[in-house]
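Examination of the molecular architecture
Here is what each chain is made of, one letter per residue.
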Amino acid sequence: MQLEEGRVIKAYNSFFYVQTNTDSELVACKLRGKFKKTRRSQGVVPGDKVLIGRLPDGTGVVEEQLPRESMLRRPAVANVTQVILTFAAAQPDLHPLLLNRFLVLAEWSGLKNILICVNKADLHDGDIAAFLNLYEQAGYRVLRVSAKEKQGMAELKEALAGETTVFAGPSGVGKSSLLNAIDDSLSLATGQVSDKIKRGKHTTRVAELLPYEQGFIVDTPGFSAMELGEIPLEELANFFPEFRPYLGKCRFAPCSHTHEPDCGVKTALAAGEISQERYEAYEAIYKEIQEAQQLKRKKEYK
Ligand SMILES: Nc1nc2c(ncn2[C@@H]2O[C@H](COP(=O)(O)OP(=O)(O)OP(=O)(O)O)[C@@H](O)[C@H]2O)c(=O)[nH]1
Ligand SMILES: [Zn+2]
């Protein structure tokens with residue numbers, strides 16, 4: 001049987017809906033038994049690239065799962081290439097530590113592109129410019145947009161093309177409004193999903209990929225701040241990209257870059273090559289992870 005490559009767009013009632021290059025319609029597929037979800041494997045999830053075979057009735061069978069480039073776990077979605085960390089210039093105010101936590105989670109997830117998008121530019125701007133410059137200096141691309149006034153939308157749309165994107169960020173910053181402003185057809189799908197989530201605790205959250213400009217937008221937030229405690233402490237500094245050039249320059253190895261003498265990161269901080277704000281965020285997140293892990297160990301000991 002000739003196999004065709006496709007992308008799993010959504011999973012529903014034990015069917016996997018696959019988009020192929022040749023069909024305009026999604027192909028409803030069943031799985032071969034070897035792909036079923038077990039304690040050890042996530043099974044096949046939305047975003048997976050697969051090879052399918054066709055049955056005479058027009059449905060399909062997933063025969064092969066292709067290697068994953070990335071994996072977000074809650075909810076499970078494979079091969080996300082980009083996260084747009086969405087915050088508001090005001091209402092709610094930009095919360096620097098929260099932004100840094102999201103940046104660390106995104107770096108840890110191994111996503112190729114990490115962008116910061118500051119929405120509600122119509123409400124505020126002047127005094128956050130200096131703050132955002134710090135993040136641009138750290139290597140992040142920052143988009144300033146307003147869903148309400150449709151400012152900055154061309155740049156945002158251009159960033160989405162060809163990528164598989166999740167929009168992550170705190171509640172109320174305007175993620176749904178931005179999707180509406182990008183394309184009316186996206187608004188419907190997001191609305192449906194948030195209804196589903198609100199309906200009750202028994203509905204599990206499943207992701208769906210919404211096709212957009214040769215790429216996809218994932219309709220769920222991607223990751224939650226709850227996962228921070230799972231990050232290995234000794235890897236944290238790697239998730240601050242502007243620290244990386246200095247990580248081999250500490251006298252002690254391993255070095256936590258908090259209290260050790262002759263630390264490359266602290267030397268760069270003193271020289272102004274690393275910003276005070278970002279270093280303080282590192283210290284705060286370091287402590288947070290340490291405490292979360294101590295708490296977990298205590299629970300396991302009991
Ligand atoms: N002034 C202004 N208000 C906006 C803008 N974008 C969204 N809002 C408002 O901000 C509020 C929250 O917007 P949502 O799109 O629901 O935010 P969300 O991030 O999807 O929120 P959750 O569903 O809680 O995650 C709404 O009252 C919007 O009208 C904007 O660019 N400017
Ligand atoms: Zn160090």
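Since the model is a prediction, treat every value here as computed from it, not as a measurement.

Now for the confidence of the model for the protein chain. Regions with low pLDDT carry predicted coordinates that are not meant to be interpreted in detail. Chain-level pLDDT for the protein chain is 88 on average; 89% of the residues reach the 70-or-more range. The secondary structure element of the protein chain with the lowest average pLDDT is helix H5 (residues 184-198), at 51, and the one with the highest is helix H6 (residues 264-270), at 98. Long-range and interchain partners of residues 188-204, a stretch whose pLDDT sits below 50, account for 12 contacts in this model, where long-range means more than four residues apart. Here the predicted complex scores 0.88 on pTM and 0.97 on ipTM.

A separate point is the UniProt feature "binding site: Zn(2+)" (unreviewed entry) in the protein chain. UniProt's feature table lists "binding site: Zn(2+)" (unreviewed entry) at Cys 250, Cys 255, His 257 and Cys 263, given in the numbering used throughout. Residue position: Cys 250 is located in the loop between strand S13 (215-218) and H6. For Cys 250, a count of 20 C-beta atoms within 10 Å gives the class buried. Aside from chain neighbours lying at most four places away, what touches Cys 250 is Cys 255, His 257, Glu 260, Asp 262, Cys 263 and Gly 264. Those residues in contact with His 257, other than ones at most four positions away along the chain, are Ala 237, Cys 250, Cys 263, Val 265 and Lys 266.

Moving on to the sheet that holds strand S5 (residues 60-65). The strand order around the closed barrel formed by 5 strands is S1-S2-S3-S5-S4, and the pairing between neighbours is mixed. Mean inter-strand twist for the sheet, computed between neighbouring axes without regard to direction, equals 55°. Inspection of the sheet shows strand S1 (residues 4-12) paired to strand S2 (residues 15-20) by 6 bridges, in the antiparallel sense. In the strand pairing of S2, Lys 10 is matched with Tyr 17.

Definitions and limits used
Residues numbered from 1 in each chain as written. Chains lettered and ligands numbered in written order. Predicted model: local features only at pLDDT ≥ 70, side-chain atom pairs only at ≥ 80, totals over all residues. pLDDT = per-residue confidence, 0-100. Helix = DSSP H or I, 4+ residues; strand = E, 2+ residues; numbered from the N terminus. Contact = placed C-beta atoms within 7 Å. UniProt positions renumbered as here; feature names shortened; annotations may be inferred. Buried ≥ 20, exposed ≤ 12 C-beta atoms within 10 Å, placed from the backbone. Pairing = 2+ DSSP bridges. Axes fitted to C-alpha atoms, helices over the stretch in contact; angles between N-to-C directions.

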